[in-house]
Amino acid sequence: MHTDTPPSSPDMANQVDDEDMIYIGDVEEVIDAYDTGDIEEEDAMEEDPSEEGDAICVFSSHEIGSVFCGSLNKNGKLATTGGEEDKAYIWDTSSGEIVLDCTGHKDSIIFSAFNHDESYLATGDMSGMIQVWKLADKTKVWDYNMGDATWMMWHTVANILLAGSVDGEIYMWKIPDGDCKVFQGYGCRAETGSIFPDGKRIAVGYEDGVIRILDLKTSSVLSSISSALGHSSTITTIDCHWDNNLILSAAVDGKTIISTSNTGKIVSILQNLNNGEHNTVTNNDQNAVSSEGNRDSNWVETAAFCKDPAFQVAATGTVNGEIFIWDISKQMLRQKIEQESGISKLLWKGNTTLLFSAGLDGILRCFDGKNGQRLRSFVGHMADILDLYISENGEKALTTSDDSTARIFDISSLS
């Protein structure tokens, strides 16, 4: 499990005007947003490192160590990546030319991303140093040291930056002013977070297995799922459904759970990998769901709801290399896909039924979520893929890796 890779945030159209939001300086009014209304496999590891493989661009300016994180702007023409050498870059995805060298960090970069309207770039490292750069003139406009950090993310529709800390607090800043608000900690790490599509709440998963739904305006805990009823160990991934209620979560305890944010009620424990317990499979073949390898060391590392309203499913990927596709309405397994390696991240392509999987064997795979068939594999990386990002226009995929490179793949023909 790569705990220093930041979680992905839900995609969202620009539905909120910054000026309609009252920020952190006023504790009572923070976010007054808007009303809720898969080719045969090749051994990538044995390729000559100088070869591009299937990539249309290879960025190799991260000369030392792993590239932990990355993201793309909406049209996929610019990428930003950060890594172990304590630096982040903005670069051109066609030429690989560096547009901005983001210096000033003293620890590994775990977050580098554009904000919702691409006016700013935020970079953050493990020590908690955060810097914000204005893209128009490539200047640093704000920085802050919050102490050891676990994750960071931009708000989906406003210039708000959020971060979780090793001590358990959640920080929130208005950018570029820097007005700050801190949500209290609970004595353990805030491991991961996901903003709801309504923009008003965030689901946070903690080291002790607890999930809390926080109101960004009032700072209150709206609901929670205790470790006694839900997860009993560190939360690895959370995703929020577009209905603004359902939550998909997984933890090191091997459980995958669907719960409700409104009440904190557990709807279904989809599976418990470590105990060999799973919900019924559609073909009644329980063996299809059983985890291979050492069950005691298997868990879901990544999970995501499909955003196609006509395809109510979620996908989960394990460190042992299994992808499960779940029917949400029936809380049953539709498909199980065996991958040749562990999975670091799963992403659905926009609102389609195409599922992309980042492999620890350095291969990016695309599957048809409806039947589980692999449509395409993209090779080139010489080591684990650590992060995956798909441009909003659906044309490019960015991968970052332990091989010190980031790569751009053309996925425009897959639809």
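Parameters and conventions
- Residues numbered from 1 in each chain as written.
- Predicted model: local features only at pLDDT ≥ 70, side-chain atom pairs only at ≥ 80, totals over all residues.
- Heavy atoms only, no water.
- Helix = DSSP H or I, 4+ residues; strand = E, 2+ residues; numbered from the N terminus.
- Buried < 20%, exposed > 50% of the residue type's maximum accessible area, 1.4 Å probe, protein only.
- Pairing = 2+ DSSP bridges.
- Axes fitted to C-alpha atoms, helices over the stretch in contact; angles between N-to-C directions.
- Polar contact = N/O pair within 3.5 Å; in protein donor to acceptor, adjacent residues only side chain to side chain.
- pLDDT = per-residue confidence, 0-100.
- Contact = heavy atoms within 4.5 Å.
- Salt bridge = Lys/Arg side-chain N within 4 Å of Asp/Glu carboxyl O.

**Observations concerning the overall build of the chain**
Next up, step 1: Tallying secondary structure elements over the chain gives zero helices and 33 strands in all.
Next up, step 2: Here the chain holds 415 residues, and the buried ones make up 59% of them.

**Brief notes about the sheet that holds strand S32 (residues 396-401)**
Where strands meet in a sheet, backbone hydrogen bonds hold them as pairs that are either parallel or antiparallel.
Next up, step 1: Within the open sheet, the four strands sit side by side as S1-S33-S32-S31. Their pairing is antiparallel. In the strand order of this sheet, the two ends are held by strand S1 (57-59) and strand S31 (385-390), each with one partner. With strand direction ignored, the average angle separating the axes of adjacent strands in the sheet is 20°.
Next up, step 2: Alignment of S1 against strand S33 (residues 406-410), held across three bridges, turns out to be antiparallel. Bridging across to S33, phenylalanine 59 finds its partner in alanine 406.

**Considerations on the environment of aspartate 361**
Next up, step 1: Looking at the secondary structure, you find aspartate 361 in the loop between strand S28 (354-359) and strand S29 (364-368).
Next up, step 2: Separated by 20 residues in sequence, aspartate 361 and histidine 381 place their C-alpha atoms 8.1 Å apart.
Next up, step 3: At 3.1 Å, the side chain of aspartate 361 forms a polar contact with the side chain of serine 341.

**Examining the confidence of the model for the chain**
Next up, step 1: Of all residues in the chain, 83% attain a pLDDT of 70 or more, and the chain-wide mean is 87.
Next up, step 2: Segment residues 1-50 is flagged for pLDDT under 50; beyond a separation of four residues in sequence, or across chains, it makes 140 contacts in the model.

**Quick look at the pairing of strand S8 (residues 129-134)**
Next up, step 1: In this sheet, S8 lies alongside strand S7 (residues 120-125) in antiparallel orientation, the contact comprising five bridges. In the strand pairing of S8, leucine 121 is matched with tryptophan 133.
Next up, step 2: Connecting S7 to the antiparallel partner S8 that follows it, the hairpin turn spans three residues, and glycine 128 within it adopts a positive phi of roughly 95°.
Next up, step 3: For S8 and strand S9 (residues 139-145), the ladder comprises six bridges, and the chain directions are antiparallel. Bridging across to S9, glutamine 131 finds its partner in aspartate 143.
Next up, step 4: Hairpin connection, S8 to S9: the antiparallel pair is bridged by four residues, and lysine 138 has positive phi, about 60°.

**A few points about the environment of aspartate 125**
Next up, step 1: Note that aspartate 125 resides in strand S7.
Next up, step 2: According to the relative accessible area criterion, aspartate 125 is buried, its value standing at 0%.
Next up, step 3: For the pair formed by aspartate 125 and glycine 147, sequence separation is 22 residues and the distance between their alpha carbons is 9.8 Å.
Next up, step 4: Look past the residues within four positions of aspartate 125 in its chain and what remains in contact with it is His105, Lys106, Asp107, Ser108, Ile109, Ile110, Ala149 and Met152.
Next up, step 5: A distance of 2.9 Å separates polar atoms of two side chains, one belonging to aspartate 125 and the other to histidine 105.

**A closer look at the sheet that holds S7**
Next up, step 1: With antiparallel pairing, the four strands of this open sheet are ordered in space as S6-S7-S8-S9. On the outer flanks of this sheet lie strand S6 (109-114) and S9, each paired with one strand and no other. Sheet twist, expressed as the mean angle between neighbouring strand axes with direction ignored, is 15°.

**With respect to the pairing of strand S5 (residues 98-102)**
Next up, step 1: Examined bridge by bridge, strand S4 (residues 88-92) and S5 share four bridges and lie antiparallel to one another. If you follow tyrosine 89 over to S5, its bridge partner there is aspartate 101.
Next up, step 2: Hairpin connection of S4 to S5: five residues between the antiparallel strands, including glycine 96 at a positive phi of 80°.

**Here's the deal with the pattern of salt bridges**
Next up, step 1: Taken as a whole, this structure holds 10 salt bridges when the rule is applied.
Next up, step 2: With a closest N to O distance of 3.9 Å, glutamate 322 and lysine 336 form a salt bridge. Of the two residues, glutamate 322 is situated in strand S25 (residues 322-327) and lysine 336 in strand S26 (residues 332-338); the sequence distance between them amounts to 14 residues.
Next up, step 3: A salt bridge links glutamate 340 to arginine 365; the shortest N-O distance between them is 3.1 Å. Residue glutamate 340 is located in the loop between S26 and strand S27 (343-348), and its partner arginine 365 is located in strand S29; the two are separated by 25 residues in the primary sequence.
Next up, step 4: Among the charged side chains, a salt-bridge network with shared partners connects Glu322, Lys336 and Glu338.

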